[in-house]
Amino acid sequence: MSRNNQTQIIQHIVLLGFQIPQSFKIPFFLLLFILYSVALSSNITILILVSSSPSLHHPMFFFLSHLSLSDIILTTSIVPTMLHGILRGQLSIPIPACITQLQFLGIALTSECLILAMMSYDRYLAICYPFHYLSVMNSKLQIWLAICCWVLSFTISFLTVIFVSKLEFCGSNFISHFFCDFAPLLQLSCTDTSAVELENLVVAVPTTLLPVLFITATYICIFITILRIPSIKGRQKAFSTCSSHLSVVAIYFGTLVALYVAPSSDHSLNANKVLSLLYAVVTPLFNPMIYCLRNKEIKTALKKFLQFIFKTRGVSSCKINTMGIVAFK
């Protein structure tokens, strides 16, 4: 029921973004633009490499390509709006555009949780059941898992958007954030939001919690198997195959827990923005860096790809060092 029948229904939402001094706007914009460009190009490169390099037609890289696709959706649904808001100081967007942004954000966050869980299952099979790995994790299962991930992500996000789109928004139309997040959007509603909050609790929370529990269970089994390997070299090699994934899991879920699970009174609005910036820009940048810098197959495929690109430009060879820097000759 409406709080006040005389209150005007708002049609636009104003995102206040980052309240920073005028002299810092351009440097801050350039920094985020560079990070966004590198993150976007890195994830697109992984998609190209996995799809075009036969040496990367492997279950682990198949799921990595879907993780990169999820990162692309995540960062492109937030960062362009944020960059526009930094230059203007604040940004006014229509309610439908705000809800659309919430839709893509939900798809990206949910799919990343599920894809990380699939990747942990892949590492579990590879380490705990190496002789049956390729027969179990065949191309049919890979495609089926990926389809389930994206369909479930879209369904969960679309269900939330349906509930949110039925709300009426009135009164103040200002959100102290740089994108249309779920909680700030509900605070602008004139109507009862209990149904939306209940739906989010029943659907979204298990979508995050169950992958965390699944990843934890698989890694307990992985660590037990690794500890049973007699040689130190064998244990190190087995652990190196899952260390990259474990690093990404720790960064991603650590940020989500700090932002959405920890009580909001424990950190200020500025801290919320910093954490949101972390998973919107930094995490999509770290994911390809972590995998590319620690994986010889990707380095080799990247080298061949760059040699092919620059072959017609008189570059005879290129070398990728341990820091991921490409040197041309």
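Within any chain, residue numbers begin from 1 and follow the written order of that chain's sequence. Reporting in this predicted model follows two pLDDT cut-offs: at least 70 for local features of residues, and 80 or more for side-chain atom pairs to be given and counted; totals over whole chains, interfaces and linings ignore these cut-offs and use all residues. The side-chain values count all of the structure's non-hydrogen atoms but skip hydrogen atoms and water molecules.

Undergrad: How should the packing of helix α3 (residues 95-128) against helix α5 (residues 139-165) be read in this particular structure?
TA: Geometry of a packed helix pair, given as the angle between the helix axes and the separation of the axes. Direction vectors running N to C along α3 and α5 enclose 145°, while the axes themselves pass 8 Å from each other. Seen from above, α3 lies across α5 with right-handed handedness. Broken down by class, the residue content of the contact of α3 with α5 amounts to 16 nonpolar, seven polar and no charged. Axis geometry follows a simple rule: fit a line to the C-alpha atoms, using only the stretch in contact for helices, then measure angles between N-to-C directions, giving values from 0 to 180 degrees. In DSSP terms, a helix is any run of H or I states spanning at least four residues, a strand is any run of E spanning at least two, and both are numbered starting from the N terminus. In this scheme the crossing of two helices becomes right-handed for a clockwise turn of the near helix relative to the far one and left-handed for an anticlockwise turn of less than a right angle. Amino acid classes used here: Ala, Val, Leu, Ile, Met, Phe, Trp, Tyr, Cys and Pro are nonpolar; Asp, Glu, Lys and Arg are charged; the rest, including Gly, are polar.

Undergrad: Just to check I follow, could you spell out the packing of aromatic side chains for this structure?
TA: Any aromatic ring pair is given by two values, namely how distant the centres are and how the planes are angled relative to each other. Two aromatic rings, drawn from Phe, Tyr or Trp (for Trp, its six-membered ring), form a pair once their centres lie within 6.5 Å of each other, and the interplanar angle then sorts them: stacked below 30 degrees, edge-to-face above 60, tilted otherwise. Taken as a whole and judged by the stated rule, the model has 11 aromatic pairs. Measuring from centroid to centroid gives 6.4 Å for Tyr-121 and Phe-214, while their planes differ by 45°, and the two rings are tilted. Within this pair, whereas Tyr-121 is found in helix α3, its partner Phe-214 is found in helix α7 (residues 194-227), the two being separated by 93 residues in sequence. The classification of residues rests on relative accessible area computed with a 1.4 Å probe and restricted to protein chains. Under 20% of the type maximum is buried, over 50% is exposed, and intermediate values are partly exposed. On the basis of relative accessible area, Tyr-121 is assigned to the partly exposed category, the value being 25%. With a centroid separation of 5.7 Å and 75° between ring planes, the pair formed by Tyr-124 and Tyr-129 is classed as edge-to-face. Tyr-124 gets classed as buried once you look at its relative accessible area, which sits at 18%. What links up through ring pairs into an aromatic cluster is the set Phe-18, Phe-28, Phe-178 and Phe-179.

Undergrad: Looking at this model, I keep getting lost on the pairing of strand β1 (residues 12-15). Mind explaining?
TA: Residues in a regular strand point their side chains to alternate faces of the sheet. Two elements, β1 and strand β2 (residues 91-94), share four bridges in a ladder whose sense is antiparallel. Looking at β2, one finds that His-12 is bridged to Pro-94. Strand pairing follows a simple DSSP-based rule, namely that at least 2 bridges must link the two strands.

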